[in-house]
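This is what each chain is made of:
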Amino acid sequence: MTELGTTDVTKGTKPGRFHGLRLFLSSLQIRYKFLFSFALIFFLSMLLCNLFIYVYVRHSIEARIESELSNTTAMIYNMVNTSVNVAIKNHLRAVAEKNLDILTALNQKALAGAISREDARKRAAEVILSQTIGTSGYLYCLDSHGDVAVHPRTELIGTNVAEHAFARQMMEKKQGYLEYEWKNPGEKNPRPKALYMAHFEPWDWIIAASAYRSEFIRLVNVQDFRQSILSLKFGQSGYAFVFDRTGRAIIHPALQDVNIFQTPELPDQYLKDMMQRKKGRSVYYWKNPQETRARKKLVIFNYIPDYQWIVASSSYLDELYQPLKTIRNVFISISLLFFCIMLAVTFGISRTITTPLRQLMARFSTATAGDYSTRMESRSGDEVGQLARYFNRFMDQLETTRQKLEMDTIRSQNLEKQLMQAGDRERMNIGQELHDDLCPHLIGISGLTAVIRDDLKSRNDPTAELARKMGVLMEDAVEKTRQLARGLCPVHLVSRGFQSALEEIADQFAYYPGIRFECHMDEEVDILEDSCAIHLYRIAREAVNNAVKHSNCDRITISLVRDAADGLIHLSVTDNGTGIDPEPSGRGIGLQIMAYRAKIIDAQFNIDTGPKGTQIHVVLSSSAPDQI
């Protein structure tokens, strides 16, 4: 269950990462998109090109150096073989020719009569048989018919060995060097063997000095070819070397005569691997005693089975790949140069696109601020120039539409103001009629009711009490008519000032139980313009009325102050009720009328509502009343 959940989270995270990357790329500026795209294409192109060249050059260098090392190893192999063959041939020739001289001397004594011919032959055989070559090499003699005249094995003397191929070659050549395969009795496999023969004609003896090739190594003088091998160089410090089967360095520039198998500080696994594989290539780290660090080297080696030697040519890979480092540095430099050029070209190209776009954005910003006269210069015939012309055409149409809208708006505002002013005048007329016409009639009726009450009371008429109640009701009607007249025609704004009118609003609604009113008035603030004062008065009255009826509050604060910092006049009505619906659809016609009245007097109208109460806030500039 845990693994499954982890897998699901991982799968769900990948699209989010890709989505975030897409958002990041889409939010980049155009010039950076150009730069990113070109840089990616350039990087991939250079990477593929450099990779192809690197692989091709590396393969060529490796093939060339391996071919060179292989050829050199083959040359060393042949050089050693040739040197050994020459050394053996010379040695065997010297032995054969020396014995030829001995037989010549003995034959001369026999001819001089100093000894008999049989004694001369007997002494010659003794001399020949007394000599050995190496460990198991020996001398023997055949005649021209293949009969054995002298041999360490007495049972072979007098026998004919002409059936053997090497014997027939001896019978034919009689003089010179010969190599062949030979197996002694008791041996399982034949072994390589060589001989040098010299013909002693007086006795018709073919003197043969023979030895097995496996024993030739003792006769080799390494100094004959040591310097030639050491002179071979591969790179700066590559070299050739020769080791025998015991691990002794026969030829080595730094480990001459050192036995690697017996030197603990030198690694021997590489030489053991070569001894096991006999022929091939090997790559390993090696540090000669005079060097400070181990370096990786390539070795091509071969095996000389006759002498059990490993001959090898080696080259260090850091020197081998030095041209690759040079190529790499050159490519890096070229890539940086091209990248800088591409960067400049990209920014130049992107600038021809982004600069007009920025200018277009600035023009849009200017138009958003209200300046519809801004235009773009169209100098080019490309897409950017077409965009500029489309923008200018759009702004022309927008400015024409704006002018029409402004005219319609001004006309609508004038009609609205006229309608509002007509409504205010009608209210004032109704208020004045209520105050000047209805109130005196009601007062007269109230006086007549009092006379009737007194008359009925003097006659002890029980209806006198009803007359008294009618008088009380008439007095209430007179008071309510006066309040209604004041609301419709607030003449007290002129007579007693705006602040007194606001305080009277609090007094008029004070009869609501459980609501406490507070008034905070700045004595230096007063609204002298009647129209502005009436609109503010009606906004404040409507706000108090809404708070009393709908907010379920217990405290209402009316505030009129001037901000000392900016000189603005602030009128606010605040309650601690339950708030109102912040959505415009949840607001009544009263709030809309308040906002409209604020708009008429060029004031800011704000509603701040929440669960802790509501504040109706009107901000009026000190110069606004003079403009109304």
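Above: the structure in question.
Keep in mind it's a predicted model, so treat the numbers as computed, not measured.

*Asks:* Tell me about unusual backbone geometry, residues and numbers included.
*Replies:* Across the chain, the bulk of peptide bonds are trans and the bulk of non-glycine residues have phi less than zero. Of note, Lys174 is a non-glycine position whose phi angle comes to about 65°, a positive value. In this structure, Lys174 sits in the loop between α4 (165-173) and β4 (176-182). With relative accessibility at 25%, the residue Lys174 sits in the partly exposed group. Of note in the backbone geometry, Asn552 takes a positive phi value of approximately 55° without being a glycine. Relative to the helices and strands, Asn552 is located in the loop between α13 (530-550) and β14 (555-562).

*Asks:* Explain helix α8 (residues 322-368) to me, using residue names and the numbers behind them.
*Replies:* Its 47 residues place the ends of α8 65 Å apart at the C-alpha level, agreeing with the 69 Å of an ideal helix rising 1.5 Å per residue. Where α8 bends most, at Arg351, the angle is about 35°. Within the sequence span of α8, burial applies to Leu324, Phe331, Ser335, Met342, Thr346, Ser350, Thr354, Pro356, Leu360 and Ala367. Taken from the residues just after α8, Gly370 is the one with a positive phi, measuring 120°.

*Asks:* Now, about the environment of His535: what can you tell me, with residues and values included?
*Replies:* Summarising the element assignment, His535 is placed in helix α13. On the basis of relative accessible area, His535 is assigned to the buried category, the value being 4%. Sequence separation between His535 and Ala598 is 63 residues; the distance between their C-alpha atoms is 7.4 Å. With sequence-adjacent residues up to four places away left out, His535 is seen in contact with Met420, Asp424, Arg597, Ile600 and Ile601.

Reading guide: rules and limits
Residues numbered from 1 in each chain as written. Predicted model: local features only at pLDDT ≥ 70, side-chain atom pairs only at ≥ 80, totals over all residues. Heavy atoms only, no water. Helix = DSSP H or I, 4+ residues; strand = E, 2+ residues; numbered from the N terminus. Buried < 20%, exposed > 50% of the residue type's maximum accessible area, 1.4 Å probe, protein only. Expected span 1.5 Å × (residues − 1). Bend = angle between axes of the 7 residues up to and from the residue. Contact = heavy atoms within 4.5 Å.

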